[in-house]
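Coordinate analysis (summary)
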Amino acid sequence: MTNGGVFDYTMGAWAFFKVSTPAYPAFTTFVGGTPPFFTVFAMKENTIKTPYTCTLSQTFDVSHLVMIAAPEGDASSATLEDQLVETHENISRTMAQHAPGGHVLQLTIFLKNYEERSACQKWFRSAYGARLPVCVYIPQPPCDGQHLVIEATIEFPREGGACSLEFVNDRFLVSHHSGASWYYAACQEPSNYERSVYSQSVEMFQSLDRLFSARGVLFENVIRTWLYLGNITEPCFSEIEGETQRYKELNRGRTDFFRDIHFFDGMLPVPLPHDVYPASTGIGGVGDTMVMSALAVRFDSPQDGCIVPLENPQQVSAFDYGEEYSLKSPKFARALLAATGESGVIFVSGTASITDSESRFDGDPIAQTELTLENIRILIDESNLAAHGKPGFGVALDEMAMARVYVKRLEDYDAIRSVCERMIPNVPKLYTVADVCRPELLVEIEGIAYAGPDKNVCRF
């Protein structure tokens, strides 16, 4: 048992646990009786009957619930609407039980058929009305064959805490808590797919910038980006290089857009000897699609918080890659910590089987997954956080709040999943089919982790 920190239900035999909620901040045990919130049955030989799908965090002045909602049963026989209803009811039921008074901030919807996003948009607009969260529709089929899998981020007040929300539309939302404003933004697609990948990329970044600037937020406050690029490793034409690759043109567009942006100006705890960038994922999707989303933060005053970009000592920083990987190197941090007081959240960028700047274990999905997770472990470990000036903010690998696992080849899914269940068994995970930015890489993993001396996290 623990009072604070991270708690997992991994005891052998039969047991009942009463779990922390805003009104009951301590974890306690009991045998028999009826718990006021929820019961988890932990079964023999330290195994869990149902994998964790939710992480509840009371790390900041508000509570956050990160949830993976996946339809159950025979995916092939259910309709899209059936699965929309099921996942929405799952989210609503979980919120009623564990997030009283909560609101959904963002839904990230991974779609088997991207053309079904219009039906999804209509359905969610009807379901949420004026409290419509930011909705990001991703052209990546779930590995288990469902029409969709949803990652939901939910926020609700803690006892003694305060928060306020501004619902703008399904592309923008503002949350204020813990001495900071947090801005969620999404751009679903460029205006014209006939334009070059470079032009589409710049346009999408400009669209995100307009969403932020409409609320008086500079792009230098963006701490996390997600870039979904269909056919990411396929060839395309560049007016600079001639025949090149779609991902390289995305990187060129990002570099040119970032050129005059001084990220986190006044938000770094100490000056750094290199350029700094947001955490990011650049991952594939079906077709020639492009989707972007981003998160920005602005502290009420400089002393209220800080931003710490994190690098992996076993890897060359992505922004220092040589031209053999891209004419303009990928401009992102390996991970990034956003901290207010003794609380923080670490955003782990898309991570793969790379040391130094070289891909490792060509053709071996098991070894690639193991190295990918080891890279994440090094990134978020206490020794790395201390080396970056934030001792006490390190997190163990299996303490992550959630992970997205992008599987290049569906035939590798079982092997990749077996490694994830062995190395991060307690982390809620979702698996989608998505190409990775180098042809030889078979898996990419990203995640988030709540951090700091005040972290208080449980899973169910």
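Structural data are supplied above this passage.
This text gives an overview of the structure that appears in the document.

The rules behind each value
- Residues numbered from 1 in each chain as written.
- Predicted model: local features only at pLDDT ≥ 70, side-chain atom pairs only at ≥ 80, totals over all residues.
- Heavy atoms only, no water.
- Pairing = 2+ DSSP bridges.
- Helix = DSSP H or I, 4+ residues; strand = E, 2+ residues; numbered from the N terminus.
- Axes fitted to C-alpha atoms, helices over the stretch in contact; angles between N-to-C directions.
- Parallel < 35°, antiparallel > 145°, perpendicular 65-115°, else oblique.
- Left-handed = near helix turned anticlockwise from the far one by under 90°.
- Contact = heavy atoms within 4.5 Å.
- Nonpolar A, V, L, I, M, F, W, Y, C, P; charged D, E, K, R; others polar.
- Salt bridge = Lys/Arg side-chain N within 4 Å of Asp/Glu carboxyl O.
- Buried < 20%, exposed > 50% of the residue type's maximum accessible area, 1.4 Å probe, protein only.
- Expected span 1.5 Å × (residues − 1).
- Phe/Tyr/Trp six-rings, centres within 6.5 Å; stacked < 30°, edge-to-face > 60°.

**Some thoughts on the pairing of strand 16 (residues 242-245)**
Across four bridges, the pairing between strand 15 (residues 235-238) and strand 16 is antiparallel. When the bridges of strand 16 are listed, Ser238 appears paired with Gly242. Linking strand 15 to strand 16, which pair antiparallel, is a turn of three residues.

**What about the packing of helix 3 (residues 197-213) against helix 4 (residues 246-258)?**
For the pair helix 3 and helix 4, the least separation of the axes is 8 Å and the interaxial angle reads 45°. Considered as vectors, helix 3 and helix 4 are oriented oblique to each other. Crossing angle aside, the handedness with which helix 3 passes helix 4 is right-handed. Of the residues in helix 4, those in contact with Val197, Tyr198, Ser201, Val202, Phe205, Gln206 and Asp209 of helix 3 are Arg246, Glu249, Leu250, Arg252, Gly253, Arg254, Asp256, Phe257 and Phe258. Across the contact of helix 3 with helix 4, the residue classes break down as seven nonpolar, three polar and six charged.

**Re the packing of helix 1 (residues 80-98) against helix 2 (residues 117-128)**
The geometry of a pair of packed helices is captured by two quantities: the angle between their axes and the separation between those axes. Contact pair helix 1 / helix 2: the axes reach a minimum separation of 11 Å and the direction vectors enclose 35°. As helix 1 packs across helix 2, the resulting crossing turns out to be right-handed. Every residue of helix 2 that contacts helix 1 at Leu80, Glu81, Leu84, Val85, His88 and Ile91 is listed here: Ala119, Cys120, Trp123, Phe124, Ala127 and Tyr128. Tallied by class, residues from the contact of helix 1 with helix 2 come to 10 nonpolar, one polar and one charged.

**What to know about the pattern of salt bridges**
In the structure shown here, the tally under the stated rule is 22 salt bridges. The residue Glu249 makes a salt bridge to Arg252 at a minimum N-O spacing of 2.9 Å. Residue Glu249 and its partner Arg252 are located together in helix 4, separated by three residues, close to a single helical turn. Taking relative accessible area as the criterion, Glu249 reaches 1% and is therefore assigned buried. The residue Arg404 makes a salt bridge to Glu446 at a minimum N-O spacing of 3.8 Å. One end of the pair, Arg404, is in strand 24 (residues 402-407); the other, Glu446, is in strand 26 (residues 443-451), and 42 residues separate them in sequence.

**Thoughts on helix 4**
Residue pairs three or four apart in sequence face the same way in an α-helix, which turns once every 3.6 residues. An ideal rise of 1.5 Å per residue puts 18 Å on 13 residues; helix 4 measures up with 18 Å between its terminal C-alpha atoms. Counting buried residues along helix 4, 12 of its 13 residues qualify, which places the element largely inside the surrounding structure. Turning to helix 4, its buried residues number three or more, namely Arg246, Tyr247, Glu249, Leu250, Asn251, Arg252, Gly253, Arg254, Thr255, Asp256, Phe257 and Phe258. Elements in contact with the buried residues of helix 4: helix 3, strand 14 (222-230), strand 15, strand 16, strand 17 (279-285) and strand 18 (290-299).

**A short note on the packing of aromatic side chains**
For the coordinates displayed, the defined rule picks out 19 aromatic pairs. Considering the side-chain rings of Phe205 and Phe219, the 6.5 Å spacing of their centres and the 75° angle between planes classify their relative orientation as edge-to-face. Taken together, the residues span a long stretch of sequence, with Phe205 in helix 3 and Phe219 in the loop between helix 3 and strand 14 at a distance of 14 residues. You can call Phe205 buried: its relative accessible area is 0%. Consider the rings of Phe258 and Tyr277, whose centres lie 6.3 Å apart with planes at 15°: the pair is stacked. Of the two residues, Phe258 sits in helix 4 while Tyr277 sits in the loop between helix 4 and strand 17, which places them 19 residues apart along the sequence. Owing to a relative accessible area of 3%, Phe258 belongs among the buried residues under this scheme. What makes Tyr277 buried here is its relative accessible area of 9%. Among the aromatic side chains, those forming a connected cluster through ring pairs are Phe172, Tyr183, Phe205, Phe212, Phe219, Phe257, Phe258, Phe263, Phe264, Tyr277 and Phe319.

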